[in-house]
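# Descriptive analysis of the structure
Here is how the chains run, residue by residue.
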Amino acid sequence: MKNKFIYLAVLAAGFAACEPEFENEVTNADYSAGDADFTTYVAVGNSLTAGYMDGTVSRIGQSYSYPSLLAQQFAVVGGGAFTQPSYEEDVNNLGGISGLPGFNTRLILDASAGAPEPIAGTSTVTLAAQAKAYNNMGVPGAKSYHLLAAGYGNAAGVALGQANPYFVRHATSASTTVLADAMSLNPTFFTNWIGSNDVLLYAIAGGTGVNQAGNQNPATYAQNDITDPGVFASAYSTIVNTLVSGGAKGVIATIPNVTSIPYFTTVPFNPLTTASLGGSATVQQLNTSLYGPMKQVLTLLGQGDRLNLLSETEGNPILITDETLTNLAPQLTAAFTSAGYPPATAAFIGSVYGQARQATATDLILLPASSLIGTAPANVPAPFNVYGVTYPLQDGSVLIPSEIAMINTATNSFNNTIKQVATAKGLALADMNAILAQLVTGLTTDDGQTYNAGYFSTARLSTALFSLDGVHPNARGYAVVANEIIKVINMHYNAKLPAINAGYYPGPTILPSN
Amino acid sequence: MMALAASSAFAGGYRVSLQGQKQLAMGHTGVAVVNSAEVLFFNPAGAAYLKDRFNFSAGANGLFAKTKFQNETYNWTNSTDNFGTPFEVYASYRATDWLTVGLAVYSPYGSAVEWDQDWQGSHLVNNIDLQAIYIQPTVAIKVNDRFSVGGGPIFVTGSVNFNRNLTRSLTDEQGNRSDVTVDAKGVTAWGWDAGFMFNPIDGVRLGVNYRSEITMEARDGDATFHDLPAFAQGTYQNTQFDADLPLPAELTAGISVEITDKWLVAFDYNMAFWHVYDALTISFANGTPTSVNPRNYKDAGTYRFGTQFKPNEKFAFRAGWYFDESPVQDGYFAPETPRNDSMGFTGGLTYQINPKLGIDFSFLYLHFDETNNSYNYYSEDGSLVSFGGTYKNTVFSPGLGLTYSF
């Protein structure tokens, strides 16, 4: 009997020796917060911070916000609980906001239609007041100065365009500000990625807004305007001064340039091939009946470079409206009238082609144009009823060089402000403009995968980073963003946070039908 | 029977060196050792020199294989514990003075690794269970007291079951990761084994044995997809698959020396021709894209040392050591066979209940250094993606056997 125990003991010892052990076992103790204190992390910003993707905030989409992903890594080194505005009511994960026009359900790719569209169903997200400050204070649509605007969360202001429905959902009072709610949590660490909307909304709207440079009163700005650099600098400094007022450390981030966002880079300026135009005969017909005579008249008017005959061998540029061109409507009307066109037709041609030209490589055609090109504008007679071919795309579908220049000037100015503030306050700078610019040539992660700024395609199911709205990252993209911020934190605050591998995060939702 | 079948995860590739209790205890040497019917596996030629007319040996091991994985960059940790029971049965009969016949049944290949479903390396493997049982009718011919030859055909029956996630990120609408199981049972193949033994002087034996490559050709196995999103159900439909899994050829040469009539030492060198395992290619019957998984194994050698001491008629004590080189090359370290070079420490004893019947005990402890390695050939949207970290294995295997001879 005694022997048996000895055998068992020997056996047990044998099994114990069999447990594999690393020389240095990876545990949470291997990581450190460095000089930072992640006890209470608060994120301020706009849609990019809120976890907005596929055109909305949804329950599951929000769970992939970059602040949420960061907080999971902070938790390894003492980070506390991280709360986000409640989307519990979004039971079916549709996103959108119930009853508000323009706040559609999340975009999905309908495989039967081959295009993104809002997922079928009715949003169950309401404006019911949660009256609570959350660690994630990202408010979709917010511009820099909105974070300081009292009443931005006042339900009564929504209909008047003075309040933001997303902030209405969680503002602690009708008169509070986003920043005040954020500060009520007494952050020890913050991220601040605000400012994109101060210029990007103008770009998304195709430059139909106004560049408010010189106008110091943001109360007079419309949604799609570019913020005055002075207004931006002042708002930005106030926001950061407030965030650091309690001794918090943090990361502030620059805003990306339009050229690294697929919304602006996906549709080429010259997608019109002979096949897409309907074949060789159609191209010849267009040249004889429209492009030829138009080119002739424009040449006589000294503006022959506005338009060239369609080529049967190369991709042809889209016809667009350029509001910076001299309006030749009267001259065109006169020319076509004298050429024997009925007066009404000649007048119509003049009105439509007065500021028309073919797009060039220096124009940016916006993503929604892809579903517009080739379709018929309302109440336009043939043969002028083909968008981009016989009827120019309008201002809101295209960014022309002068608009791009304004956007770049504003973006550079805002980013210079952000960099100066980072230096002045000793804060870590996540240069998201530079990081996202890497996507244009390819951003290679530690695992060897190379990501780029392309719009979704079925060949890139596992590597697409942008959501179907073409502006916001998808879950995988936010993981890339979070990982880049971690690198910045590790560097600036001597921290050692575990990295995030974006390859494991989901891409777009594809449904066989909708 | 399934429970008895080889199932393990250790040693080079998916080779399991546990083919005899006596010889395992001696570092799994045996190509030049004439001890028992186990010699049918190690070198059939040696059966010609077995002292008794009838020899029977059978045994099995409890195989405890554990692997730990960690990656400090991402704060990943994981582990897998696997248990298997490789077994062997050998019988030989000396029909005439010069002719010995025998039958050997053993399980030299097998791999069972079960990671947590959806773990970090799940796009490479969630779990694998590979089994192969060898049945080898054998003849040994004693040319004279100095030289013998032996060999026989090998019939292999095996099965494979393998599950992995389709990609690193694909899920169904509920967020469950999409995965595929390939399963093939009753896969059979033929091969052969041959060897010779040369005894230049009394007390010294030299042996050489060659076991042929055998390719397990799984045909019309079942590929079953789970948790697919609706849009992908057209691309990935349950179907049949074909795959070839090579069980490489192995050449062994060795020597044993009886230093005294009680004390024997042995040395073996194995070379396993693993280079045949170039890639695991799974082709599907319907339009499902062919899955090519580069392996690029290299030939790998093993150095084995063993000794046996028989103080009396009742007991025999054995010990051994070996160095087992992994066929897995840097950058091809896949978690389905996460094996690097190892050192085996073995021991055991036989208790002879009576002159005919003995009980064999053996144990093996395989030591692996921890290793930093990765698999760099997973293809994602046309780019190669790496998965790796630090791996540490340990293997412990006690074994028990019976020997009966007269």
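Residues numbered from 1 in each chain as written. Chains lettered and ligands numbered in written order. Predicted model: local features only at pLDDT ≥ 70, side-chain atom pairs only at ≥ 80, totals over all residues. Heavy atoms only, no water.

### Here's the deal with the overall build of chain A
Selection criterion: The helix count covers DSSP runs of H or I at least four residues long, the strand count covers runs of E at least two residues long, and both are numbered beginning at the N terminus. Summary of the burial criterion: residues with accessible area below 20% of their type's maximum are buried, those above 50% are exposed, and those between are partly exposed, where the area comes from a 1.4 Å probe applied to protein chains only. Only heavy atoms matter for contacts: two residues are in contact if any of them lie within 4.5 Å across the pair. Using the Shrake-Rupley algorithm and a 1.4 Å probe, accessible areas are obtained, with residue cover drawn only from the displayed protein chains. In this tally, Lys and Arg are treated as positive and Asp and Glu as negative; His is ignored, and so are the chain termini. By convention, the charge on Lys lies at NZ, on Arg at CZ, on Asp at CG and on Glu at CD.
Along chain A, the regular secondary structure elements total 16 helices and 14 strands. Viewed in the frame of its principal axes, chain A has a C-alpha envelope of about 115 × 55 × 40 Å. By residue count, 53% of the 514 residues in chain A fall in the buried class. Pairs at least 24 residues apart make up 75% of the contacts formed inside chain A by residues separated by at least 6 positions. Of the roughly 20100 Å² of accessible surface on chain A, 57% is carried by carbon and sulfur atoms. Of the side chains in chain A, 17 bear a positive and 30 a negative charge, and the two mean positions are spaced by 6 Å.

### Considering the environment of Pro-137 of chain B
Residue and element names in this part refer to chain B. Looking at the element boundaries, Pro-137 is found in strand β6 (residues 127–142). On the basis of relative accessible area, Pro-137 is assigned to the partly exposed category, the value being 36%. Placed 17 residues apart in sequence, Pro-137 and Ile-154 show a C-alpha to C-alpha distance of 7.1 Å.

### As for the interface of chain A and chain B
Much of the literature gives interface size as the accessible area that the parts lose upon coming together. Note the following rule: Buried area is understood as the total, over both parts, of accessible area removed when two parts are fitted together, assessed with a 1.4 Å probe. We define a polar contact as two N or O atoms separated by no more than 3.5 Å, with the added condition that, inside protein, one atom must be a possible hydrogen donor and the other a possible acceptor, whereas residues neighbouring each other in sequence contribute only through side-chain atom pairs. Three classes are used, and their members are as follows: Ala, Val, Leu, Ile, Met, Phe, Trp, Tyr, Cys and Pro are nonpolar, Asp, Glu, Lys and Arg are charged, and the others, Gly among them, are polar.
Opposite the 39 residues of chain A that make contact, chain B presents 38 residues. Both sides together, the interface formed by chain A and chain B hides about 3300 Å², and carbon and sulfur atoms give 55% of it. Run the count over chain A and chain B and you get 19 residue pairs in polar contact (both at pLDDT 80 or more). Breaking the side of chain A that touches chain B down by element, the ones donating at least two residues are α1 (2–17) and β14 (510–511) of chain A. Residue contributions to the side of chain A that touches chain B peak at three residues, all from α1 of chain A. Residue classes in the side of chain A that touches chain B are distributed as 20 nonpolar, nine polar and ten charged.

### Here we look at the pairing of strand β20 (residues 371–380) of chain B
Heads up, the rule is: Should DSSP find at least two bridges between two strands, the strands are taken to pair.
Relative to strand β21 (residues 383–405) of chain B, β20 of chain B is paired through eight bridges, and the arrangement is antiparallel. Each residue of the ladder has a partner; that of Thr-371 of chain B, found in β21 of chain B, is Tyr-391 of chain B.

### Description of the sheet that holds strand β2 (residues 107–110) of chain A
Residues and elements named next belong to chain A. Strand order in the open sheet made by the three strands is β3-β2-β14, with mixed pairing throughout. Single-partner strands in this sheet number two, and they are β3 (115–118) and β14. Here β2 runs beside β14; their pairing, made up of two bridges, is parallel. Following the sheet pairing, Leu-109 is matched in β14 by Ile-510.

### Some remarks on the domain arrangement of chain A
Residues and elements named next belong to chain A. The line we're drawing: Just so you know, the domain bounds were taken from an automatic or database domain assignment. Salt bridge, as applied in this entry: a Lys or Arg side-chain nitrogen positioned within 4 Å of an Asp or Glu carboxyl oxygen.
If you check the domain split of chain A, you get domain 1 (29–265 + 401–511) and domain 2 (274–358 + 364–399). For domain 1 and domain 2, the distance between their C-alpha centroids amounts to 39 Å. With 18 residues of domain 1 at the interface, the matching set in domain 2 holds twelve residues. At the boundary of domain 1 with domain 2, total buried surface from both sides reaches about 1100 Å², with 67% on carbon and sulfur atoms. The three residues of domain 1 that bury the most area against domain 2 are Tyr-263, Phe-264 and Glu-403, which together make up 41% of that side's buried surface. Across the contact surface, domain 1 and domain 2 share zero salt bridges. One can count one residue pair in polar contact (both at pLDDT 80 or more) joining domain 1 with domain 2.

### Side note on the layout of surface pockets
Residues and elements named next belong to chain B. The condition that has to hold: Both site types are read off a 1 Å grid over the protein atoms alone. A 1.4 Å probe that fits but cannot get out defines a cavity, while an open set with protein on both sides within 12 Å along at least five of seven lines defines a pocket; lining residues have an atom within 4 Å of a point. Grid points are joined across faces, edges and corners, and a volume is the space filled by probe spheres set on the points.
The calculated volume of the second largest pocket comes to roughly 1200 Å³. Taken together, 45 residues form the lining of the second largest pocket, with Val-34, Asn-35, Lys-51, Gln-308 and Lys-310 sitting closest to its centre. For the lining of the second largest pocket, the elements supplying multiple residues, two or more each, are β9 (204–211), β12 (250–258), β13 (263–272), β17 (315–324), β18 (342–352) and β21. In terms of residue count, the dominant contributor to the lining of the second largest pocket is β17 (three residues). Split into classes, the residues belonging to the lining of the second largest pocket amount to 15 nonpolar, 14 polar and 16 charged.

### Thoughts on the side chain of Gln-449 of chain A
With respect to the element layout, Gln-449 of chain A can be found in the loop between β12 (443–444) and β13 (450–451). Looking at Gln-449 of chain A, the relative accessible area reads 1%, which means it is buried. Within the structure, the side chain of Gln-449 of chain A is placed 3.0 Å from the side chain of Ser-383 of chain B, a separation counted as a polar contact. If near-sequence neighbours (up to four positions away) are discounted, Gln-449 of chain A is found in contact with Leu-443, Thr-444 and Thr-463 of chain A together with Arg-168, Glu-380, Ser-383, Leu-384 and Val-385 of chain B.

### Some details on the confidence of the model for chain B
We count it as follows: The predictor attaches a confidence to each residue, and that confidence, scored 0 to 100, is pLDDT.
Per-residue pLDDT for chain B averages 92, and the proportion of residues at 70 or more is 97%. Ignoring residues within four places in sequence, the model shows residues 1–11 of chain B, a span with pLDDT below 50, making 54 contacts including any to other chains.

### Describing the packing of aromatic side chains
We count it as follows: When the centres of two rings from Phe, Tyr and Trp lie within 6.5 Å, Trp using its six-membered ring, the rings pair. Their planes under 30 degrees apart give stacked, over 60 give edge-to-face, and anything left gives tilted. A ring is scored as having a charge over it whenever the NZ atom of a lysine or the CZ atom of an arginine sits within 6 Å of its centre and within 35 degrees of its normal.
In total, this model carries 51 aromatic pairs over all chains according to the counting rule given. For the cation-ring pair, Lys-496 of chain A lies above Tyr-31 of chain A, with the distance from its terminal atom to the ring centre recorded as 5.6 Å. The ring of Phe-368 of chain B carries Arg-339 of chain B above its face, with NZ or CZ at 5.9 Å from the centroid.

### Re the sheet that holds strand β6 (residues 249–253) of chain A
Residue and element names in this part refer to chain A. Stated precisely, the cut-off is as follows: Every angle, taken between N-to-C directions, lies between 0 and 180 degrees, and every axis is a line fitted to C-alpha atoms, over only the stretch in contact when it is a helix.
One open sheet holds the five strands; their spatial order is β4-β1-β5-β6-β11, and the pairing between them is parallel. Only two strands of the sheet have a single partner each, and these edge strands are β4 (136–138) and β11 (428–430). Neighbour to neighbour, the strand axes of the sheet diverge by 15° on average, direction disregarded. Bridge count between β6 and β11: three bridges; the pairing is parallel. Of the residues in β11, the one forming a bridge with Ala-253 is Ala-430. Taken strand by strand, helix α4 (residues 66–74) contacts β1 (41–45), β4 and β5 (189–193), and its axis lies near 160° from that of β1.

### What to know about the packing of helix α7 (residues 197–204) of chain A against helix α14 (residues 401–425) of chain A
Residues and elements named next belong to chain A. Which entries qualify depends on this criterion: By definition in this entry, angles of less than 35 degrees are roughly parallel, angles greater than 145 are roughly antiparallel, angles of 65 to 115 are roughly perpendicular, and the rest are oblique. In this scheme, a crossing is called left-handed if the near helix is turned counterclockwise away from the far one by less than a right angle; it is called right-handed if the turn is clockwise.
In the contact formed by α7 and α14, the axes pass within 9 Å of each other and the chain directions differ by 165°. Comparing the axis directions of α7 and α14 gives the class roughly antiparallel. For the pair α7 and α14, the crossing hand works out as left-handed. Here Asp-198, Val-199, Tyr-202 and Ala-203 of α7 come into contact with α14, specifically with Glu-403, Met-406, Ile-407, Ala-410, Thr-411 and Phe-414.

### Side note on unusual backbone geometry
The peptide bond linking Ala-382 of chain A to Pro-383 of chain A adopts the cis configuration, its omega dihedral lying at 0°. Its identity is not glycine, yet Asp-118 of chain B carries a phi of approximately 70°, on the positive side. Among the structural elements, Asp-118 of chain B can be located in the loop between β5 (99–114) and β6. Using a relative accessible area of 35% as the deciding quantity, one classes Asp-118 of chain B as partly exposed. The backbone of Asp-220 of chain B shows a phi angle near 55°, a positive value even though the residue is not glycine. The topology assignment puts Asp-220 of chain B in strand β10 (residues 214–226). Overall, the relative accessible area of 56% leaves Asp-220 of chain B in the exposed class.

### Notes on the pairing of strand β7 (residues 147–165) of chain B
All names here are of chain B. Two strands pair when backbone bridges link them, and β6 and β7 are joined in this way by 13 bridges, in the antiparallel orientation. Residue pairing in the sheet places Ile-141 in a bridge with Val-149 of β7. Linking two consecutive strands that pair antiparallel, namely β6 and β7, is a turn of four residues. Bridge count between β7 and strand β8 (residues 179–198): 18 bridges; the pairing is antiparallel. Considered in β8, the bridge of Pro-153 is made with Trp-192.

### Things to note about the nonpolar core
In globular proteins that are soluble, nonpolar side chains generally tend to be buried together. Rule in force here: Here the nonpolar core consists of buried residues drawn from Ala, Val, Leu, Ile, Met, Phe, Trp, Tyr and Cys, with membership extended through side-chain atoms lying within 4.5 Å.
Among the nonpolar cores identified, the biggest contains 108 residues, and Phe-264 and Ile-489 of chain A are the most heavily contacted of them. The greatest single-element share of this core, amounting to ten residues, is contributed by helix α16 (residues 475–492) of chain A. Formed jointly, this core draws a minimum of three residues from each of two domains, domain 1 (29–265 + 401–511) and domain 2 (274–358 + 364–399) of chain A. Ignoring sequence-local partners within four residues, the contact set of Phe-264 of chain A consists of Leu-200, Ala-203, Ile-204, Val-258, Leu-364, Ile-365, Leu-366 and Leu-399 of chain A. Phe-42, Ala-132, Tyr-134 and Leu-247 of chain B belong to the second-largest nonpolar core, a separate cluster that totals 61 residues.

### Things to note about α16 of chain A
Residues and elements named next belong to chain A. What counts, and what does not: Helices are assigned an expected span. That span is 1.5 Å times one less than the residue count.
Taking 1.5 Å as the rise per residue, α16 with 18 residues should run 26 Å; its terminal C-alpha atoms sit 26 Å apart, in good agreement. Counting buried positions over the 18 residues of α16 gives 14, a clear majority of the element. Near the N-terminus of α16, the side chain that reaches the backbone nitrogen of Arg-476, with its oxygen 3.0 Å away, is that of Asn-474.

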